[in-house]
Amino acid sequence: MTVERPVREAVFAAPSEHGDRERMRCAHVAAARQFQVSASGPEVWGWQGRTLGRRAGDCWLRVVSTAKDKAGGRLWEGTAIADTHVPRSVPRPRLRGVLDWTSPDVAYRAELTEYVPVPPVTRGTPALDQDIALPDSWWSELRSALGALATVPTDRESVRQNWIDRNFRRFLGIDPVRVRETTTGHADLHWANLTGAPLVLLDWENWGRLPVGYDVGLLHAYSLAAPATAARVRHEFAHVLDTDAGRTGELVALAQLLQACSRGVHPTLAPLIARRAQELTHTPVPTP
């Protein structure tokens, strides 16, 4: 199994270049015009300014852009395919329309979905910096959602073996492991993609086949600065994380996060991730 892209760990912020910010804003206005909606909510920028979303009445309008020669494919189509293939028992926004267009150098996709009034647990970062109180029913809903998602057949691959083969020794200091048990998962399960009660799972562009334990291992890693919440994740998903397959999936998630941390992302979380990896492998994490 490799990862098509690194874990989406970078800053959720507007593009640093003024021209890119205005280009995305113009694209959002054009999409609103085509969908005949009026966007009036505050701007919400995605990973490295790649996406721009705003509320538009009872809808959410999100525009994503990429270089023209990189449009299409798994990430581009993830939200639309999830809408038709993932059962409604997995709580997520319904897709109401998709619009594609290109400029000479840039491709755009606009997705109009239903507006979710419950805010995500975190904004602007996938990680917790303090413990949160979520009701027992929320944890039950998350277990049920991930269980239902696991049953979805798909040939979409979110994690691939050749990424593990190339990177485990570099980031974990151990020989690569062979992933033998996979499941269908969200692949970007963090606190900015989960709402508070009632639970809704956001951002479906990267879902697909991945190692058992990867999703909950990723969520646990993003909780490490909030010890009580991290303990709750371990408790609720002990049936996954305490298995050999689950530990393998968690190690894949930790290795990806350590790769992101090596690029300067989440410097305060990095030592906690390294310590968790060492607890599982009994091997010191290589220093950058």
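In case you missed it, the structure is sitting above this.
What comes next concerns the included structure.

With that settled, consider the pairing of strand β4 (residues 95–102). Sheet topology places β4 next to strand β5 (residues 106–114); seven bridges connect them, and they run antiparallel. When the bridges of β5 are listed, Trp101 appears paired with Tyr108. In this structure, the hairpin formed by β4 and β5 is closed by a connection of three residues.

Ranked by internal contacts, the top residues of the largest apolar core, which has 60 residues, are Leu142, Phe168, Trp191 and Leu194. Going through the elements one at a time, α3 (136–150), α4 (161–172), α5 (214–221), α7 (238–241), α8 (244–261) and α9 (270–281) are the ones with two or more residues in this core. Top element by residues in this core is α8. It accounts for nine residues. Formed by 14 residues, the second largest nonpolar core is a distinct cluster that contains Met24, Val63, Val106 and Tyr108.

Turning to unusual backbone geometry, a few remarks are in order. In the segment running from Ala197 into Pro198, the intervening peptide bond is cis, with an omega of -5°. Mapped onto the fold, Pro198 is located in the loop between β6 (182–185) and β7 (208–211). Here His266, not a glycine, exhibits a phi torsion of approximately 50°, which is positive. Relative to the helices and strands, His266 resides in the loop between α8 and α9.

Our next topic: α5. Working note: α-helix, 3.6 residues per turn, so residues spaced by three or four point in the same direction. Counting buried residues in α5 gives eight out of eight residues, a clear majority hidden from the surface. Every buried residue of α5 is accounted for by Tyr214, Asp215, Val216, Gly217, Leu218, Leu219, His220 and Ala221.

Turning to the environment of Ala192, a few remarks are in order. Position of Ala192 relative to the elements: it lies in the loop between β6 and β7. Put simply, Ala192 and Pro119 are 73 residues apart on the chain and 8.9 Å apart in space, counted from C-alpha to C-alpha. Contact partners of Ala192, with chain neighbours within four places excluded, come to Phe12, Pro120, Thr122, Thr125, Pro126 and Leu202.

Let us look at the sheet that holds strand β1 (residues 44–45). Either a parallel or an antiparallel arrangement is found when strands of a sheet pair, and the pairing is made through backbone hydrogen bonds. Strand order in the open sheet formed by five strands is β1-β2-β3-β5-β4, with antiparallel pairing between adjacent strands. Both outer strands of the open sheet, β1 and β4, are each paired with one neighbouring strand and no more. Helix α1 (residues 18–35) rests against β1, β2 (51–56), β3 (59–67), β4 and β5 of the sheet, and its axis sits at about 130° to β3. The strands touched by helix α2 (residues 73–85) within the sheet are β3, β4 and β5, with β5 carrying the most contacts at an inclination of about 25°.

What counts, and where the lines are drawn
Residues numbered from 1 in each chain as written. Predicted model: local features only at pLDDT ≥ 70, side-chain atom pairs only at ≥ 80, totals over all residues. Heavy atoms only, no water. Pairing = 2+ DSSP bridges. Helix = DSSP H or I, 4+ residues; strand = E, 2+ residues; numbered from the N terminus. Core = buried A, V, L, I, M, F, W, Y, C linked by side-chain atoms within 4.5 Å. Buried < 20%, exposed > 50% of the residue type's maximum accessible area, 1.4 Å probe, protein only. Contact = heavy atoms within 4.5 Å. Axes fitted to C-alpha atoms, helices over the stretch in contact; angles between N-to-C directions.

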